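# Breakdown of the fold
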Amino acid sequence: MVEPATISKGILKLSENDFQQKADFFEANKSTLKLKKFVPASGAASRMFKFLSAFLNDFDIGNESINAYINRKKIVNFLFLLLVWKNFLFLRKWTKN
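Everything quoted here is computed from the prediction, not taken from an experiment.

Counting its secondary structure elements, the protein contains five helices and two strands. Secondary structure elements of the protein, listed N to C terminal, follow the sequence β-β-α-α-α-α-α. Sequence separation of 24 or more characterises 41% of the internal contacts of the protein that already satisfy a separation of 6 or more. For the protein, the accessible surface area stands at approximately 8300 Å², while carbon and sulfur atoms represent 58% of it.

In structure tokens form, the structure reads like this:
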């Protein structure tokens, strides 16, 4: 029988504590890991996040501000990223107060 993946049927729902432990583990070990590629589940998502992939490859947080990056690359889709910035786990370290 073919059916969509749901929680407990192919999808694991993490508790906030488990989520934080896994995020902390990644932060502590990311220098020893090599991220190959982000692969969205659909073509629409690939197109929607193409600019985000470029941002992650091109932006140097140590030497450039977000505004300088936007101006340098002449990015119009970047407003989307700024609106949802804190929803991206991998960007949270740059937005902590």
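Once that is clear, we can look at the pattern of salt bridges. Oppositely charged side chains can pair when the atoms bearing their charge come close. Applying the stated criterion to the full structure yields four salt bridges. Salt-bridge contacts for arginine 72 lead to glutamate 64; the nearest nitrogen and oxygen are separated by 2.8 Å.

With that out of the way, let us pick up the environment of threonine 32. You can see threonine 32 is positioned in the loop between helix H1 (16–29) and helix H2 (43–48). Among the polar contacts listed, one links the side chain of threonine 32 to the backbone oxygen of asparagine 29, at a separation of 2.7 Å.

So, on to the confidence of the model for the protein. When pLDDT is averaged across the protein, the result is 75; 66% of the residues are at 70 or more. The secondary-structure element of the protein with the lowest mean pLDDT is helix H5 (residues 78–84), recorded at 64, while H1 shows the highest, at 91.

What counts and what doesn't
Residues numbered from 1 in each chain as written. Predicted model: local features only at pLDDT ≥ 70, side-chain atom pairs only at ≥ 80, totals over all residues. Heavy atoms only, no water. Helix = DSSP H or I, 4+ residues; strand = E, 2+ residues; numbered from the N terminus. Contact = heavy atoms within 4.5 Å. Areas by Shrake-Rupley, 256 points an atom, 1.4 Å probe, with all protein chains shown as cover. Salt bridge = Lys/Arg side-chain N within 4 Å of Asp/Glu carboxyl O. Polar contact = N/O pair within 3.5 Å; in protein donor to acceptor, adjacent residues only side chain to side chain. pLDDT = per-residue confidence, 0-100.

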